[in-house]
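What follows is the residue order along each chain.
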Amino acid sequence: MYRRRDTRREQLVAEITNNLRRYAVDAQQVGHAFANLHGLNPTDLQALIAVMDAELLGDPITPGRLGEQLNLSSGSVTALIDRLERAGHIRRDRDTVDRRKVLLHYADQGAALAMQFFQPLGARTDTVMARFSEDELEVVHRFMAEMSESLRGHRDAVRAARPESPRRPTG
């Protein structure tokens, strides 16, 4: 709708762009369904995803990094972590090297809830990926990695350009 479609390449770019948008919306709706089922709000869900992603990379996230990633104040991050810890979704551990540092991990209970909910989606994903050769998956992987990096760059630019919200007077 918003892109020229005169050539096959332009048609593909428009279709891929539309597919990415629809995928993002559908994925968000699935995430919200999980959140609603477990009494979580959208920020809680974003935090759980950040904790999971950091663990998958082998670099557990700290509360400070979580706040930076979610663009939250330290007080908001503390309340968020307290809430998710009480609900059994995450746990806090001291770093074994630097005991001053706190690391956030997915708690067993939270991981079990996520596994139960998302396992059918994982099976569907595996079925779709099985239809592609390894070479095709390499191209898809490169494309998705570059699109994700582009989106994060835009997100960071938007955050940097946004004026800081006025602070409410205390007292």
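What you see is a predicted model; the values in this text were computed from it and never measured.

A. Quick peek at the nonpolar core. Counting residues in each nonpolar core, the largest one holds 20 residues, and the members touching the most others are Ile61, Leu66, Leu84, Ile90 and Leu104. Those elements that place two or more of their residues in this core are helix 1 (8-37), helix 2 (42-56), helix 3 (63-70), helix 4 (74-86) and strand 2 (102-106). Per-element tally for this core: the top contributor is helix 2, with 6 residues. If we skip the residues at most four places from it in the chain, Leu84 touches Leu40, Asp44, Ala47, Leu48, His89 and Ile90.

B. Molecular detail of unusual backbone geometry. Look at Asn71: it is not a glycine, yet its phi comes out positive at around 60°. Its location among the elements puts Asn71 in the loop between helix 3 and helix 4.

C. Focus on the environment of Gln28. Within the secondary structure, Gln28 sits in helix 1. Looking at Gln28, the relative accessible area reads 49%, which means it is partly exposed. Residues Gln28 and Arg99, 71 residues apart in the sequence, show an inter-C-alpha distance of 36 Å.

D. The arrangement of the side chain of His89 in detail. Its location among the elements puts His89 in the loop between helix 4 and strand 1 (90-94). A residue is classified by how much of its surface remains accessible, and His89, at 2% relative accessible area, is buried. Discounting residues that sit within four places of it in the chain, His89 has contacts with His38, Leu40, Leu48, Leu84, His105, Tyr106, Ala107, Gly110 and Leu113.

E. Broad picture of the environment of Leu45. Here Leu45 shows up in helix 2. A relative accessible area of 11% places Leu45 in the buried class. Along the chain, Leu45 and Gly31 lie 14 residues apart, while their C-alpha atoms are 7.3 Å from each other.

F. Inspection of the packing of aromatic side chains at higher detail. This model, assessed by the stated rule, comprises 3 aromatic pairs. Each ring, one from Phe34 and one from Phe118, has its centre 5.2 Å from the other, and the planes form 45°; the classification is tilted. With Phe34 in helix 1 and Phe118 in helix 5 (residues 108-129), this pair connects stretches of sequence that are 84 residues apart. With a relative accessible area of 27%, Phe118 lands in the partly exposed category. Summarising the aromatic geometry, the rings of Phe117 and Phe118 are spaced 4.8 Å apart at their centres and angled 75° between planes, so their arrangement reads as edge-to-face. Chaining the aromatic ring pairs together yields one cluster made of Phe34, Phe117 and Phe118.

The rules we used
Residues numbered from 1 in each chain as written. Predicted model: local features only at pLDDT ≥ 70, side-chain atom pairs only at ≥ 80, totals over all residues. Heavy atoms only, no water. Core = buried A, V, L, I, M, F, W, Y, C linked by side-chain atoms within 4.5 Å. Buried < 20%, exposed > 50% of the residue type's maximum accessible area, 1.4 Å probe, protein only. Helix = DSSP H or I, 4+ residues; strand = E, 2+ residues; numbered from the N terminus. Contact = heavy atoms within 4.5 Å. Phe/Tyr/Trp six-rings, centres within 6.5 Å; stacked < 30°, edge-to-face > 60°.

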